[in-house]
Amino acid sequence: MTKIRAAITGIHGWVPEDILTNFDLEKMVDTTNEWIITRTGIKERHILKGEGMGTSVIGTEAVNGLLKKTGTKPEEIDMVICATVTPDMLFPATANIISHNCGIKNAFSFDMNAACSGLLYAIVTASKFIESGAYKKVIVVGADKMSSIVDYTDRATCIIFGDGGGAMLFEPTTEDLGVMDSILQSDGSGMPYLHQKAGGSLKPPSLETIAAREHFIYQEGQPVFKFAVINMADVSAAIMERNNLSSDDVNWLVPHQANLRIIDATARRMGVGTEKVMINIQHYGNTTSGTIPLCLWDWEKQLRKGDNLILAAFGGGFTWGSIYLKWAYDPK
Ligand code: UT7
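These remarks concern the structure in this document.

About the thresholds
Residues numbered from 1 in each chain as written. Predicted model: local features only at pLDDT ≥ 70, side-chain atom pairs only at ≥ 80, totals over all residues. Heavy atoms only, no water. Pairing = 2+ DSSP bridges. Helix = DSSP H or I, 4+ residues; strand = E, 2+ residues; numbered from the N terminus. Axes fitted to C-alpha atoms, helices over the stretch in contact; angles between N-to-C directions. Near = heavy atom within 4 Å. Polar contact = N/O pair within 3.5 Å; in protein donor to acceptor, adjacent residues only side chain to side chain. Areas by Shrake-Rupley, 256 points an atom, 1.4 Å probe, with all protein chains shown as cover. Nonpolar A, V, L, I, M, F, W, Y, C, P; charged D, E, K, R; others polar. Domains from an automatic or database assignment.

Things to note about the sheet that holds strand 1 (residues 5-14)
Then, in step 1: Taking strand neighbours across the sheet as the criterion, the 5 strands line up as 1-7-6-4-5 in an open arrangement whose pairing is mixed. Edge positions in the open sheet fall to strand 1 and strand 5 (108-112), since each of these has one partner strand only. In this sheet, neighbouring strand axes are inclined to one another by 20° on average, regardless of whether the strands run parallel or antiparallel.
Then, in step 2: Pairing geometry for strand 4 (residues 79-83) and strand 6 (residues 138-145), over 5 bridges, is parallel.

Below, the structure is given as structure tokens:
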């Protein structure tokens, strides 16, 4: 029987208009433009402002753009997965809200939370549903309004994160294209280093949790950095080895944009030159689930059918992973 693979057949990204620069942050906390650029590579990030504007706004813009661009009717979509750590509400799923906003009526929708690796987990899940032959059009959204959980008095975290995301359409193909292989991993012992203390069932919201600023991201940067450098590089090298890919065979590394130094270390370990690495962290910062779709969106015109892409991420949990995929279309 011919093998069915899941191919990306369209991508669309969206970021809000408002920009928060390093110079703006200099006025808010004790930091400098130079420190932020040297330690992270970030110059600016986009921020979603306004009442009633949650992550679903980002997802809805991205999905509506994707449907229009690919000439897909909302009724044709079978399934929607939204990777996010900043859902509009704890329930219902933000994917449900996005589907409703976009007129997607014949799909089942759910969220996936694997922090910065959520997008990779969602792609692998979507691809399995497609490979089964049961589903024909699946949308994966990666979107986060990180500004909703960032403490803008904490200089160690507020400089990193931004808002934005993107949506991808997956369809079946019998060509040798699409998702070829994946490695996903997690290790819950990483929880103490990166988490949000309150708001969940362990510590429901209270006056005390608000006063203690426990509804924001808590991160111990150095241990996270060490784990990220080792694991993102290891898992990217491992997927190349397993698929007999040399650095020459790899056309693009698509890394999660958490820190330019982590991206550089991963590229070095893979032996991939910087000209093959998608880097847009300077403009968007770390948009968590949004980083990889925003890269693919920014580079879409440079991608060619058959290009070998390695997607790689590391994030809270800890979670990490890599995906080997063959790009399925030439620029349209
Ligand atoms: O995507 C999810 C996964 N997350 C990550 O991958 C993030 C991984 N971690 C990192 O990217 C880095 O650890 C950070 C960017 C968060 C921090 O960079 P670092 O080079 O690890 O800095 P550090 O935490 O070791 O801090 C060095 C110094 C400290 O001062 P002292 O103790 O040496 O006097 C900090 O207080 O820099 C200070 N510092 C700052 N200084 C100016 C921390 N934040 C700032 C700041 N501006 N914004």
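Regarding the site of the ligand
Then, in step 1: Taken together, 22 residues sit near the ligand, with Thr31, Arg39, Gln222, Asn259 and Asn286 positioned nearest.
Then, in step 2: At a separation of 2.9 Å, a nitrogen atom of the ligand approaches a polar backbone atom of Arg155.
Then, in step 3: One of the side-chain nitrogen or oxygen atoms of Arg261 is found 3.0 Å away from an oxygen atom of the ligand.
Then, in step 4: Protein contacts shield 74% of the accessible area of the ligand, which totals 950 Å² for the unbound molecule.
Then, in step 5: Within the residue set of the shell around the ligand, elements represented by two or more residues are helix 2 (33-40), helix 6 (155-158), helix 8 (221-242) and helix 9 (260-270).
Then, in step 6: The biggest single contributor to the shell around the ligand is helix 8, with 4 residues.
Then, in step 7: For the shell around the ligand, the residue count by class is 10 nonpolar, 8 polar and 4 charged.
Then, in step 8: Taken domain by domain, the shell around the ligand gets at least three of its residues from each of domain 1 (5-176) and domain 2 (180-326).

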